[in-house]
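Structural overview
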Amino acid sequence: LQRRRDTEYRVKNGVICMKRLLSLLICCLLICNIFALSVAAVESEDGGQIIVSQTVENMGNDCYYVETIYIPAIQPYANAKTGTKTAEYITSGTTIYTISVTGTFTYDGSTSDATSAAVSISTHVASASILSRNAYTSGASAVATGSVSYNGATLRKTVTLTCDKNGNLS
């Protein structure tokens, strides 16, 4: 009789241990799944861009700039915004160069402030070369300036990305 009680006790203990182990395993899987979702969100933040606006500035003689404002699909912080404004110089249907400013901003409904600015400039034809580039913040704006030499002419462009008090970029 004692042996039977010992056996029943061990079986019950084994079942309890198995239930605890199974519960622990399920908790670990849920935590891993949450972590995987967080990583996926960060990855999509880098790759997923939303176009906010696009304008064309006609320079004459079949030359124009296409300016586009992008924001990441995911903005990770409240009352902060990151965005990029890109200007493509196009002549006779060919993109010569692209200059972009990426800015980070804070806003609170009554004011806004640019906290960082970075410039990116690239040429798309062999006859174009970068002469200069610079980025800076000024109040609620992130500003990039650049110049490119193309067919003996110097092309200069300033790109300004501004954030209003409500976090809207222009």
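Conventions we followed
Residues numbered from 1 in each chain as written. Predicted model: local features only at pLDDT ≥ 70, side-chain atom pairs only at ≥ 80, totals over all residues. Heavy atoms only, no water. Helix = DSSP H or I, 4+ residues; strand = E, 2+ residues; numbered from the N terminus. Buried < 20%, exposed > 50% of the residue type's maximum accessible area, 1.4 Å probe, protein only. Polar contact = N/O pair within 3.5 Å; in protein donor to acceptor, adjacent residues only side chain to side chain. Contact = heavy atoms within 4.5 Å. Salt bridge = Lys/Arg side-chain N within 4 Å of Asp/Glu carboxyl O. Pairing = 2+ DSSP bridges. Axes fitted to C-alpha atoms, helices over the stretch in contact; angles between N-to-C directions. pLDDT = per-residue confidence, 0-100.

1. Examining the side chain of S147
Relative to the helices and strands, S147 resides in strand β7 (residues 141–150). Taking relative accessible area as the criterion, S147 reaches 7% and is therefore assigned buried. Here S132 takes part through its side chain, which lies 2.7 Å from a polar atom of the side chain of S147. Once you skip the residues sitting within four places of it in the chain, S147 turns out to touch I121, S129, I130, L131, S132, T154, L155 and R156.

2. Describing the pattern of salt bridges
Within this structure, the stated rule accounts for three salt bridges. A salt bridge links K85 to E67; the shortest N-O distance between them is 3.8 Å. Taken together, the residues span a long stretch of sequence, with K85 in strand β3 (residues 80–91) and E67 in strand β2 (residues 63–72) at a distance of 18 residues. In this pair, the class of K85 matches that of E67, namely buried. E67 is the salt-bridge partner of K157, the closest N and O atoms lying 3.0 Å from each other. With K157 in strand β8 (residues 153–162) and E67 in strand β2, this pair connects stretches of sequence that are 90 residues apart.

3. Looking at the sheet that holds strand β6 (residues 128–138)
Read across the sheet, three strands follow the order β6-β7-β8 without closing on themselves; strand pairing throughout is antiparallel. Of all strands in the sheet, those with a lone pairing partner are β6 and β8, marking the two edges. Neighbour to neighbour, the strand axes of the sheet diverge by 15° on average, direction disregarded. Examined bridge by bridge, β6 and β7 share 10 bridges and lie antiparallel to one another. Residue pairing in the sheet places A128 in a bridge with Y150 of β7.

4. A few points about the confidence of the model for the chain
Mean pLDDT over the chain: 83, with 73% of residues reaching 70 or higher. Here helix α1 (residues 2–47) is the element of the chain with the lowest mean pLDDT, 57, and β7 is the one with the highest, 96. This model gives residues 35–46 a pLDDT under 50, and the stretch forms five contacts once residues within four places in sequence are excluded.

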